[in-house]
Amino acid sequence: MKKKALVTGITGQDGSYLVELLLSKGYDVYGIKRRSSSFNTQRVDHINQDEHVKGQKLNMIFGDLSDSSNINHIIRTIRPDEIYNLAAQSHVRVSFDIPEYTADVTGLGALRIFEAIREADLNHTRVYQASSSEMYGDAVEVPQSENTPLNPMSPYASSKVFAYHMARNYRIAYNMFISNGILFNHESPRRGETFVTHKITRGVAQIKLGLMDKIYLGNLDAKRDWGYAPEFVEAMWLMLQQESPDDFVIATGETHTVKEFVERAFDIVKIDWKKHIEIDKRYFRPSEVNILQGDYSKAKKILGWEPKVTFDELVRIMVKADLEYFEKQIKK
Ligand code: NAP
Ligand code: G4F
């Protein structure tokens, strides 16, 4: 019998790569998408076109993490072997503008999934909870591991801390298989356009092609541990194939400033970045996370997982993809 996987957040960056991975492994994949007034499935539209040929497809269901009865119904009906909870209001800066909504979806949304499984007595269901390095916040040590105390600095991070602790509590209290992946920043050409890496690479491509002149950014001194998203979703799957649930840091172990990302991206197109970057106070946060750098040694030892794509390669992959995208737009 084929294993059944349910993925929330399929229309996002990670959801799209994870669905591809699960289909390639022969799962029956169900994905929750939310209703939107405009098309929101661009990242997964290619999947059914490609996969239909091989007799596999992504089953899309309308749902929303803010709606308990909808989540209960979906989980009771599908009875998945594995659930990957990737849905979230995932933008840190925006979480300061909509803190209550962020807590509802990013925090309580996870709880709704755990409760639905418990209520339906699905003892076989394993859950991946998308926890985040943002939970370390004003980090008390560098690098951060599974043992580093959490010190969240935003409504988003606080909501993720709530979900993380709920996952651990349900694991202990009800013996449920729930693993937290504490993923550090991971990027790709499918990254949301308002996260800093993609904002930069899209800007660089447009500047190179004469379509715009300036990129407006906030804090250039913040340091992040940036990895490559397709590799990171493999770690999610590995966590659910273990004998017992646990928490794992997934990272590259390297940290770079936003400024370094800008420099590398402009180097690729041989343009002087200083002429094209403007600082705009609107992009600063009420409280910032200054440095994230992950220690992934536990994941390496237990999951056998290691990052492969380097920082330079990541910047290159993203700039190249954006150049191709905007070149196509010009030709249209
Ligand atoms: P993303 O691109 O922002 O995708 C978020 C997904 O959640 C989208 O499919 C979105 O749908 C969906 N969603 C938002 N609100 C929802 C709601 N109320 N009900 C149902 N679905 C909803 O995020 P990502 O980068 O793929 O990240 C995946 C997960 O990992 C998130 O939980 C994020 O917080 C976490 N995480 C990400 C990183 C990272 O660096 N990428 C690092 C650590 C943790 P729409 O497409 O309709 O907006
Ligand atoms: O790209 P960012 O918005 O990502 P951030 O805040 O680190 O959060 C991302 O990674 C988390 C994992 O650590 C995820 F949990 C979360 O869901 C999300 O995927 O910002 C990175 C840094 C910040 O320090 C920010 O202040 O870049 C700085 N920055 C500077 N100028 C900017 C900008 N960020 C954005 N989004 N836009 C700017 O113009």
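Structural data are supplied above this passage.
Just so it is clear, the model here is predicted, and its values are computed rather than measured. (Residues numbered from 1 in each chain as written. Chains lettered and ligands numbered in written order. Predicted model: local features only at pLDDT ≥ 70, side-chain atom pairs only at ≥ 80, totals over all residues. Heavy atoms only, no water.)

A. Fine view of the site of ligand 1. Residues in contact with ligand 1 amount to 25 residues; listed here are only the nearest, T11, R34, D64, S90 and Y156. In the model, an oxygen atom of ligand 1 is placed 2.8 Å from a nitrogen or oxygen of the D14 main chain. Residue D64 places a side-chain N or O atom 2.8 Å away from a nitrogen atom belonging to ligand 1. No other element matches strand β5 (residues 126–132), which puts three residues into the shell around ligand 1. The residue inventory of the shell around ligand 1, partitioned by class, reads 10 nonpolar, 10 polar and five charged. (Near = heavy atom within 4 Å. Polar contact = N/O pair within 3.5 Å; in protein donor to acceptor, adjacent residues only side chain to side chain. Helix = DSSP H or I, 4+ residues; strand = E, 2+ residues; numbered from the N terminus. Nonpolar A, V, L, I, M, F, W, Y, C, P; charged D, E, K, R; others polar.)

B. Fine view of the nonpolar core. In this structure, V7, L18, L22, Y84, Y128 and I250 are the most contacted members of the largest nonpolar core, which totals 34 residues. Listed by contribution, the elements that provide at least two residues to this core are β1 (4–8), α1 (13–24), β5, β6 (177–183), α8 (229–239), β11 (247–250) and α10 (297–303). A per-element tally of this core places α8 first, with seven residues. Excluding residues that lie within four positions of it along the chain, Y128 makes contacts with I83, Y84, N85, L86, S179, G181, L183, M236, M239 and L240. (Core = buried A, V, L, I, M, F, W, Y, C linked by side-chain atoms within 4.5 Å. Buried < 20%, exposed > 50% of the residue type's maximum accessible area, 1.4 Å probe, protein only. Contact = heavy atoms within 4.5 Å.)

C. Up close: the site of ligand 2. Neighbouring ligand 2 are 24 residues, the closest being S132, S133, Y156, R285 and E288. With respect to ligand 2, the side chain of S133 contributes an N or O atom lying 2.6 Å from an oxygen atom. Contact between ligand 2 and G218: a nitrogen atom at 2.8 Å from a main-chain N or O atom of the residue. For ligand 2, the accessible surface in isolation is 710 Å², of which the surrounding protein chains cover 96%. At the level of secondary structure, the elements contributing two or more residues to the shell around ligand 2 comprise α7 (196–208) and β8 (215–217). Partitioned by chemical class, the residues of the shell around ligand 2 number 10 nonpolar, eight polar and six charged. Counting contributing residues per domain, the shell around ligand 2 is built from domain 1 (4–187 + 227–250) and domain 2 (196–223 + 255–290 + 309–331), each supplying no fewer than three. (Areas by Shrake-Rupley, 256 points an atom, 1.4 Å probe, with all protein chains shown as cover. Domains from an automatic or database assignment.)

D. A look at the side chain of Q206. You can see Q206 is positioned in helix α7. On the accessibility criterion, Q206 (17% relative accessible area) is buried. Those residues in contact with Q206 that lie beyond four places of it in its chain are L211, M212 and F326.

E. Quick look at the packing of aromatic side chains. Under the criterion given, the structure shown has 10 aromatic pairs. Feature note: the residues F114, Y170 and Y174 constitute an aromatic cluster, connected by ring pairs. For K298, the ring lying beneath its charged end belongs to F248, and the centroid distance is 5.1 Å. (Phe/Tyr/Trp six-rings, centres within 6.5 Å; stacked < 30°, edge-to-face > 60°. Lys NZ or Arg CZ within 6 Å of the ring centre and 35° of its normal.)

F. The arrangement of empty space enclosed by the protein in detail. Using the criterion set out here, one finds one cavity of 30 Å³ or more in the structure. By volume, the largest cavity is sized at about 30 Å³. Around the largest cavity, the lining residues are V92, E134, M153, S154, R224, R285, S287, E288 and V289. Across the lining of the largest cavity, the residue classes break down as three nonpolar, two polar and four charged. Domain assignment of the residues forming the lining of the largest cavity places at least three in each of domain 1 (4–187 + 227–250) and domain 2 (196–223 + 255–290 + 309–331). (1 Å grid on protein atoms, 1.4 Å probe; cavity = no way out; pocket = protein on both sides within 12 Å on 5 of 7 lines; lining within 4 Å. Points joined across faces, edges and corners; volume = space filled by probe spheres on them.)

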